[in-house]
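Understanding the architecture of this molecule
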Amino acid sequence: MAKAKTKSAYVCDECGAEHRQWQGQCLTCKAWNSLSRVNIGPVAEPGVGYAGARAEVKRLAEVATAEAPRLVTGFGELDRVLGGGLVPGSVVLIGGDPGAGKSTLLLQVCCALAEREAVLYVTGEESLQQLALRATRLGLPMAQLSVAAETRAEEVGSLIESTEPDVVIVDSIQVMQLESVESTPGSVTQVREAAAFFTRLAKRTGTVIVLVGHVTKEGNLAGPKVLEHMIDCFMMLDSPAGSRYRTLRGVKNRFGAVNELGVFAMTDQGMREVSNPSAIFLQRGDVHSPGSVVTVTWEGTRPLLVELQALVDQAQGGYPRRIAVGLDQQRLSMHLAVLHRHCGVTLADQDVFANVVGGVRIGETGADLALLLAVLSSFRNRALPRELIVFGELGLTGEVRPVANGEQRLTEAAKHGFKQAIVPFANRPKKVRDGMTVHGVKSLSAALEVLDTL
Ligand code: TYD
Ligand code: MG
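Predicted model only: the values in this text are computed from it and were never measured.

1. Structural notes on the side chain of Glu126
One can find Glu126 in the loop between strand E5 (119-123) and helix H4 (128-137). In this structure the side chain of Glu126 is engaged in a polar contact, spanning 2.8 Å, whose partner is the side chain of Arg134. Look past the residues within four positions of Glu126 in its chain and what remains in contact with it is Ser103, Leu131, Arg134 and Asp171.

2. Digging into the pattern of salt bridges
Close approach of charged atoms allows side chains of opposite charge to pair. Going through the model one piece at a time under the given rule, you end up with 18 salt bridges. With a closest N to O distance of 2.9 Å, Arg302 and Glu77 form a salt bridge. One end of the pair, Arg302, is in strand E14 (residues 302-314); the other, Glu77, is in helix H2 (residues 76-82), and 225 residues separate them in sequence. Per residue, the accessibility class of Arg302 equals that of Glu77, and both read buried. Note that Asp238 is salt-bridged to Arg361, the shortest N-O span being 4.0 Å. Here Asp238 is found in strand E9 (residues 233-238), whereas its partner Arg361 is found in the loop between strand E16 (350-356) and helix H10 (368-379), with 123 residues between them in sequence. Overlapping salt bridges, with partners in common, bring together Glu18, Arg192 and Glu193 in one network.

3. Comments concerning the nonpolar core
Core analysis: the biggest nonpolar cluster contains 47 residues, and Leu308, Leu369 and Ile422 have the highest contact counts within it. Those elements that place two or more of their residues in this core are strand E11 (261-267), helix H8 (277-281), E14, helix H9 (329-343), E16, H10, strand E17 (388-390) and helix H12 (444-453). Formed jointly, this core draws a minimum of three residues from each of two domains, domain 2 (76-275) and domain 3 (280-453). Every residue in contact with Leu369, bar those within four places of it in the chain, is listed here: Val390, Phe391, Gly392, Leu394, Val400, Ile422, Val441, Leu444 and Ala447. Counting 35 residues, the second-largest nonpolar core is a separate cluster that includes Leu78, Val92, Cys110 and Val210.

4. Here's the deal with the site of ligand 1
Near ligand 1 you find 16 residues, and of these Gly99, Lys102, Ser103, Thr104 and Thr267 are the closest. Gly101 is positioned with one of its backbone polar atoms (N or O) 2.9 Å from an oxygen atom of ligand 1. Measuring from an oxygen atom of ligand 1, one finds a side-chain N or O atom of Arg137 at 3.3 Å. Protein burial of ligand 1: of its 560 Å² of free accessible surface, 72% is covered by the chains. For the shell around ligand 1, the element with the most residues is helix H3 (residues 102-113), which contributes three residues. A breakdown of the residues in the shell around ligand 1 according to their chemical character gives four nonpolar, seven polar and five charged.

5. Here's the deal with helix H11 (residues 406-415)
Listed in full, the buried residues belonging to H11 are Gly406, Arg409, Leu410, Glu412 and Ala413. Along H11, the residues classed as buried sweep out an arc of 160 degrees about the axis, all on the same side. The inward-facing, buried residues of H11 contact H8, strand E13 (292-299), E14, E17, strand E20 (420-424) and strand E21 (437-441). Following H11 by one or two positions, Gly417 adopts a phi angle in the positive range, close to 85 degrees.

6. Concerning the side chain of Arg409
Residue placement: Arg409 occurs in helix H11. The buried category is assigned to Arg409, whose relative accessible area is 1%. The contacts of Arg409, once residues within four sequence positions are left out, are Val296, Thr297, Trp298, Pro303, Glu364, Gly366, Phe391, Val403 and Ala404.

7. Regarding the packing of aromatic side chains
Each aromatic ring pair is specified by the distance between its two centres and by the angle formed by the two planes. Enumeration over the complete set of coordinates arrives at one aromatic pair. Between the aromatic rings of Phe197 and Phe198, the centroid separation amounts to 5.4 Å while the plane-to-plane angle is 75 degrees, which identifies the pairing as edge-to-face. Judged by relative accessible area, which is 0%, Phe198 ranks as buried. Sitting above the plane of the Phe391 ring, Arg409 keeps its charged end 5.5 Å from the centroid. Between Arg428 and the ring centre of Phe425, over which it is positioned, the NZ or CZ distance is 3.9 Å.

8. Points about the packing of H9 against H10
Across the interface, H9 lies against H10 with an axial gap of 10 Å and an inter-helix angle of 65 degrees. Between H9 and H10, the angle falls in the class roughly perpendicular. Both H9 and H10 take part in a crossing whose hand is right-handed. Across the interface between the two elements, Arg331, Leu332, His335, Leu336 and Leu339 of H9 pack against Asp368, Leu371, Leu372, Val375 and Leu376 of H10. Considering only residue class, the contact of H9 with H10 consists of seven nonpolar, one polar and two charged.

9. Some words on the environment of Ala17
Tracing the backbone shows Ala17 in the loop between strand E1 (8-12) and strand E2 (18-19). Through-space distance from the C-alpha of Ala17 to that of Leu27 is 8.2 Å; in sequence the pair is 10 residues apart. With residues up to four places along the chain from it excluded, the contact list for Ala17 reads Tyr10, Val11, Cys12, Cys26 and Thr28.

10. Digging into the state of the cysteines
Applying the stated criterion to the full structure yields zero disulfides. Cysteine Cys111 shares no disulfide, and the gap to the nearest cysteine sulfur, in Cys110, comes to 7.0 Å. In this structure Cys233 is a free cysteine whose sulfur lies 15 Å from that of Cys110, the closest cysteine sulfur available.

11. Some thoughts on the environment of Val91
In this fold, Val91 is placed in strand E4 (residues 91-96). The class of Val91 is buried, set by a relative accessible area of 0%. Separated by 119 residues in sequence, Val91 and Val210 place their C-alpha atoms 5.8 Å apart.

12. Things to note about the confidence of the model for the chain
Taken over all residues, the pLDDT of the chain has a mean of 86, while the share at 70 or more is 91%. The low-confidence segment residues 1-6, where pLDDT is below 50, has zero contacts with residues more than four positions distant or belonging to other chains. Between residues 41-46, whose pLDDT stays under 50, and residues either more than four places distant or in other chains, the model counts 10 contacts.

Rules used throughout
- Residues numbered from 1 in each chain as written.
- Chains lettered and ligands numbered in written order.
- Predicted model: local features only at pLDDT ≥ 70, side-chain atom pairs only at ≥ 80, totals over all residues.
- Heavy atoms only, no water.
- Helix = DSSP H or I, 4+ residues; strand = E, 2+ residues; numbered from the N terminus.
- Polar contact = N/O pair within 3.5 Å; in protein donor to acceptor, adjacent residues only side chain to side chain.
- Contact = heavy atoms within 4.5 Å.
- Salt bridge = Lys/Arg side-chain N within 4 Å of Asp/Glu carboxyl O.
- Buried < 20%, exposed > 50% of the residue type's maximum accessible area, 1.4 Å probe, protein only.
- Core = buried A, V, L, I, M, F, W, Y, C linked by side-chain atoms within 4.5 Å.
- Domains from an automatic or database assignment.
- Near = heavy atom within 4 Å.
- Areas by Shrake-Rupley, 256 points an atom, 1.4 Å probe, with all protein chains shown as cover.
- Nonpolar A, V, L, I, M, F, W, Y, C, P; charged D, E, K, R; others polar.
- Arc of directions from axis to C-beta.
- Phe/Tyr/Trp six-rings, centres within 6.5 Å; stacked < 30°, edge-to-face > 60°.
- Lys NZ or Arg CZ within 6 Å of the ring centre and 35° of its normal.
- Axes fitted to C-alpha atoms, helices over the stretch in contact; angles between N-to-C directions.
- Parallel < 35°, antiparallel > 145°, perpendicular 65-115°, else oblique.
- Left-handed = near helix turned anticlockwise from the far one by under 90°.
- Disulfide = S-S within 2.5 Å.
- pLDDT = per-residue confidence, 0-100.

If you want it as structure tokens, here you go:
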């Protein structure tokens with residue numbers, strides 16, 4: 001950063017862009033009347049950056065590598081996403097829709113953790129009575145957990161300095177307000193400065209600070225880009241509409257693998273861990289219909305079995321619809337073009353709908369082949385074998401490309417009783433698998449030929 005002589009800057013509440021001078025319209029996002037003045041001087045502590053250390057040059061080898069032990073939360077699914085527990089002095093941001101279960105999960109974690117460590121739960125949204133009521137109803141141990149209802153960030157800061165907790169929850173960052181910043185609570189400016197304030201505090205004191213963040217209407221955390229570079233770990237708690245399952249997904253993690261997936265169920269006893277997620281996403285009824293196929297996706301460090309469904313139906317009106325839920329819509333359109341061009345199956349006059357059962361979102365390309373086979377199965381009104389598993393990436397030339405961790409995917413499928421598999425040629429197992437016939441295919445047309453023999 002350039003040496004800042006100015007003591008204040010004008011920051012847009014909508015997008016977080018910084019301006020030297022006040023003006024009526026933000027130059028970046030063109031919002032009107034969204035700039036507010038931020039005092040940079042008093043907020044920043046002289047000579048202390050985000051990393052919390054004063055400037056000093058050392059040889060890398062001299063830096064002590066003895067890692068402080070991680071605080072294991074005791075919730076396996078949360079520890080998994082964190083990469084093995086909370087790292088002292090780190091800042092974790094948990095985002096999600098209102099009602100996703102962030103407060104419930106953190107209250108459960110805190111009550112359990114407080115038996116071993118000093119934990120402070122700062123609530124800015126709910127009253128202490130509400131918090132206590134919830135803890136009582138869930139039957140959580142309440143004796144050791146410290147709580148405070150506070151929205152002034154500086155006050156929270158002094159509470160942390162004076163009580164020296166190991167772990168602090170700030171629920172939520174959007175309601176925190178720094179007196180030195182002239183901007184309404186919840187604005188990008190406030191959120192950003194408050195997060196920076198807590199980050200410096202965490203680094204200086206070695207406290208773990210967990211920030212809770214709500215997602216805005218646009219599906220963004222207020223100012224996600226301005227927060228992401230400060231915090232160490234960012235995870236999203238997703239709540240698929242109508243489902244009681246919640247997925248906790250790592251988006252950024254300085255201390256572990258990113259894209260880890262933890263699965264929870266919201267029950268009347270609070271959040272429960274789901275340690276065998278394949279089993280819940282695979283609850284299939286007895287009726288076996290065309291358009292359904294099971295694939296194995298790879299989530300972080302483990303395989304996950306999910307059911308894909310497709311429905312192909314005569315289009316009403318001129319323009320056929322392509323709708324994908326939990327999958328990439330553009331990839332669906334692309335695959336339909338591949339199907340037409342390389343296998344001569346045209347769906348130009350058909351609506352195509354695709355869905356991932358259980359509200360899981362698939363971000364990887366390993367589900368390509370399975371998706372197309374589900375579409376074809378619905379189109380031909382022919383069910384695929386029930387014990388068939390399919391995975392593989394599809395290229396534009398109609399080739400089936402290998403995916404990572406093929407062996408582990410097959411092992412997971414075998415564990416759940418699948419007997420047949422259509423997989424990329426390069427992913428076929430080196431030795432014969434007991435109880436499972438694996439067909440390695442190099443192209444989409446080869447996959448269709450295999451399908452005809454099953
Ligand atoms: P909450 O943790 O308050 O969500 P967030 O902090 O992410 O906004 O969760 C609230 C929702 O969870 C609410 O819709 C009720 C539901 N819930 C249960 O189903 N069971 C429970 O035991 C609890 C405490 C909440
Ligand atoms: Mg809450």
